[in-house]
2 protein chains.
Amino acid sequence: MSSSLFRLFVEPGLSSGQTIEISREQQHYLLNVLRMKKGSSLLVFNGRDGEWRAEVLPVSRKKCILEVIEQTRKQRADGAAPLPDLHYLFAPIKRGRLDYMVQKATELGVSHIQPVVTDYTNVGRVKMARMEANIIEAAEQCGILRLPSLGEPISLDKVLDGWDMGRKIIFCDEAAALSSPLEALGSLQRHEKLAVLIGPEGGFSPEESARLRGREGVLAISLGPRIMRADTAAVAALSLVNACLGDWV
Amino acid sequence: MSSSLFRLFVEPGLSSGQTIEISREQQHYLLNVLRMKKGSSLLVFNGRDGEWRAEVLPVSRKKCILEVIEQTRKQRADGAAPLPDLHYLFAPIKRGRLDYMVQKATELGVSHIQPVVTDYTNVGRVKMARMEANIIEAAEQCGILRLPSLGEPISLDKVLDGWDMGRKIIFCDEAAALSSPLEALGSLQRHEKLAVLIGPEGGFSPEESARLRGREGVLAISLGPRIMRADTAAVAALSLVNACLGDWV
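Everything numeric in this text was worked out from a predicted model, so none of it was measured.

J.: How should a nonpolar patch on the surface be read in this particular structure?
T.: On the surface, Tyr-29, Val-33 and Leu-34 of chain A cluster together into a nonpolar patch covering about 240 Å² of accessible area. Structurally, the position occupied by Val-33 of chain A is in helix H1 (residues 24–33).

J.: Please clarify how the interface of chain A and chain B should be interpreted in this entry.
T.: By a widespread convention, an interface's size corresponds to the accessible area lost as its parts come together. Taken together, the contacts link 38 residues of chain A with 37 residues of chain B. Here chain A packs against chain B, burying approximately 3400 Å² in sum over the two surfaces, 59% of which is carbon and sulfur. Area buried by chain A at its contact with chain B is led by Arg-226, Ile-227 and Trp-248 of chain A, which between them contribute 23% of it. Our count for the chain A to chain B interface comes out at 6 salt bridges. Among the salt bridges present, the one from Lys-104 of chain A reaches Asp-231 of chain B, with a minimum N-O distance of 3.3 Å. Counting every contact that joins chain A to chain B gives 22 residue pairs in polar contact (both at pLDDT 80 or more). Taken together, the elements giving at least two residues each to the side of chain A that touches chain B come down to helix H2 (95–107), helix H3 (128–142), helix H5 (181–185) and helix H7 (230–245) of chain A.

J.: Looking at this model, I keep getting lost on the nonpolar core. Mind explaining?
T.: Nonpolar side chains in soluble globular proteins generally cluster together in the buried interior. Formed by 96 residues in total, the largest nonpolar core has its most connected members in Tyr-88, Ile-198 and Leu-223 of chain A together with Tyr-88, Ile-198 and Leu-223 of chain B. Leaving out residues up to four positions away in the same chain, Tyr-88 of chain B has contacts with Met-101, Ala-105, Val-110, His-112, Ile-113, Gln-114, Val-196, Ile-198, Ala-234 and Leu-238 of chain B.

J.: Just checking my understanding: could you explain H1 of chain A for this structure?
T.: In an α-helix, one full turn covers 3.6 residues, which means residues spaced three or four apart are oriented alike. Residues and elements named next belong to chain A. If you check which residues of H1 are buried, you get Gln-26, Gln-27, Leu-30 and Leu-31. Buried positions in H1, seen along its axis, are confined to an arc of 115° and lie on one side of it. Opposite the buried face of H1, by more than 90 degrees, sit the exposed residues Arg-24 and Glu-25. Structurally, H1 contributes buried residues whose contacts are with strand E1 (7–9), strand E3 (41–45), strand E4 (51–58), strand E5 (64–73) and H3.

J.: Please explain the domain arrangement of chain A as it appears in this structure.
T.: Residues and elements named next belong to chain A. Per the domain assignment, the segments of chain A are domain 1 (7–73) and domain 2 (85–245). Measuring from the centre of the C-alpha atoms in domain 1 to the corresponding centre in domain 2 gives 34 Å. Counting residues at the interface gives 9 residues for domain 1, matched by 8 residues for domain 2. When domain 1 packs against domain 2, the two sides together hide about 700 Å² of surface, and 63% of this comes from carbon and sulfur. The largest per-residue losses of area from domain 1 upon contact with domain 2 belong to Arg-7, Phe-9 and Phe-45, which jointly make up 64% of the total buried on that side. Viewed at the interface, domain 2 and domain 1 are joined by 0 salt bridges. Remark: the boundary between domain 1 and domain 2 carries 5 residue pairs in polar contact (both at pLDDT 80 or more). When residues of the side of domain 1 that touches domain 2 are assigned to their parent elements, the largest contribution, 3 residues, is made by E1. Tallied by class, residues from the side of domain 1 that touches domain 2 come to 3 nonpolar, 3 polar and 3 charged.

J.: How do you make sense of the sheet that holds strand E5 (residues 64–73) of chain B when you look at a structure like this?
T.: What links the strands of a sheet is backbone hydrogen bonding, and the strands pair in either a parallel or an antiparallel sense. Residues and elements named next belong to chain B. One open sheet holds the 5 strands; their spatial order is E1-E3-E4-E5-E2, and the pairing between them is mixed. Of all the strands in the sheet, the pair left with one neighbour each is strand E1 (7–9) and strand E2 (19–20). Pairing analysis gives 8 bridges linking strand E4 (residues 51–58) to E5, with the strands arranged antiparallel. By the bridge assignment for E5, Ala-54 is matched with Val-68. Contacting E1 and strand E3 (41–45), helix H3 (residues 128–142) runs over the sheet at an angle of about 150° to E1.

J.: I tried to follow the environment of Glu-107 of chain A on my own but got confused; where do I start?
T.: Residue placement: Glu-107 of chain A occurs in helix H2. Glu-107 of chain A gets classed as buried once you look at its relative accessible area, which sits at 1%. Spatially, the C-alpha atoms of Glu-107 of chain A and Arg-73 of chain A are 18 Å apart, while their sequence positions differ by 34 residues. If we ignore the near neighbours within four places in the chain, the residues touching Glu-107 of chain A are Ala-138 and Cys-142 of chain A together with Arg-226, Met-228, Arg-229 and Thr-232 of chain B. At 3.1 Å, the side chain of Glu-107 of chain A forms a polar contact with the side chain of Lys-104 of chain A. A polar contact is formed between the side chain of Glu-107 of chain A and the backbone nitrogen of Arg-229 of chain B, at a distance of 2.8 Å.

How each quantity is defined
- Residues numbered from 1 in each chain as written.
- Chains lettered and ligands numbered in written order.
- Predicted model: local features only at pLDDT ≥ 70, side-chain atom pairs only at ≥ 80, totals over all residues.
- Heavy atoms only, no water.
- Patch = residues over 30% accessible without salt bridge, like charges linked within 9 Å, V, L, I, M, F, W, Y side chains within 5 Å.
- Areas by Shrake-Rupley, 256 points an atom, 1.4 Å probe, with all protein chains shown as cover.
- Salt bridge = Lys/Arg side-chain N within 4 Å of Asp/Glu carboxyl O.
- Helix = DSSP H or I, 4+ residues; strand = E, 2+ residues; numbered from the N terminus.
- Contact = heavy atoms within 4.5 Å.
- Buried area = accessible area lost by both parts, 1.4 Å probe.
- Polar contact = N/O pair within 3.5 Å; in protein donor to acceptor, adjacent residues only side chain to side chain.
- Core = buried A, V, L, I, M, F, W, Y, C linked by side-chain atoms within 4.5 Å.
- Buried < 20%, exposed > 50% of the residue type's maximum accessible area, 1.4 Å probe, protein only.
- Arc of directions from axis to C-beta.
- Domains from an automatic or database assignment.
- Nonpolar A, V, L, I, M, F, W, Y, C, P; charged D, E, K, R; others polar.
- Pairing = 2+ DSSP bridges.
- Axes fitted to C-alpha atoms, helices over the stretch in contact; angles between N-to-C directions.

Structure below.
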């Protein structure tokens, strides 16, 4: 999976011999920042057609297109474990940490990112374009082929009202008695449909906690005796889920 | 452990009835940012004497000292699990992510933070004062009483030459064959002396990997099929270690 070639997320379909257009910002980055020339190689992926080696075809000093040369990885390798079907639900947090949180969730292989507005959520409008950009940046850097989908922010009540009961919710509860998260996760099946729900700084309100705890298909886990920031808890919980139930074998 | 009182790290020893001086920046923050008045309560800790409730004593419009009132938590609660004896060794990374990495390691309860210069480390001088400030900020926010110690940067070779062989090294190896990190960690004992070693972006050099792999007391673990940034890998590995071997029970 390692490659020293630059990876670029592109929109168009990918097949051998095709030429594709890329955004003005991407052209600028390749030509002026990375100083690529005619024939310079890079990797491209679109989330659907695997990963391909492509070459730069300048069309002017400031513009280029890409020629798709050969596939380097299939979208899903034969015999590979299924990708995690893992939704990541979180209360939006402040900007820098939100960027980080979305990047980390992408690196950790979640399939869907869902901002959830809770009673103690203390953030105004969530910038969807910025979250999209963070997902793409993380995917480019981290070698994944599938990008998580991104949902519009929705209230926790609405999320729960419309919930697919076949998908278990793993809920990181600061108020939970200290107990082993690995033992708790051991009660779930590998490769079942899962969601990890992380509250805002300050946690869930008593009403939210009660609603979550009283619900079927919700597993409350504890993440140790130290209070963690929401973005730390997110990486911790997703790592434990990957290691116990996901594709970290 | 939860408290809505502001927590402040201070240098002086703490005991009941004592008044303590705090830095000019801290005075400014309490009086002008938090708008505290005479008698306003906050929590103070120094990493040695537990946590205390203190009250603000203004000495002028812009200056204040604190009066230490009563202990709210002992440095170590009777019967509490021993704090993790967990060193965190990492190759320094770029500034924003370095801040994050140090904060996260603090939240995850490591006892010592050690920057290690590896073959592929691509960062100039490491700002120790900035790392200290990040440790303190994380400790204030996250309710811990013990601050990790911080070592001066040192080369990986020197670290290994002077290593305490009683302390196992858990080494996150991107080149490791995919295998369960939980099973691997299960080969170690709970509460033994541990260190987690995280390489730079780009990983360890072949020589470093060979040296690490050939060494007694080094456990290489895999963190799944996706390439993660060094700071993500750090939180993931420390979380798994806490959950398997540390104080996440």
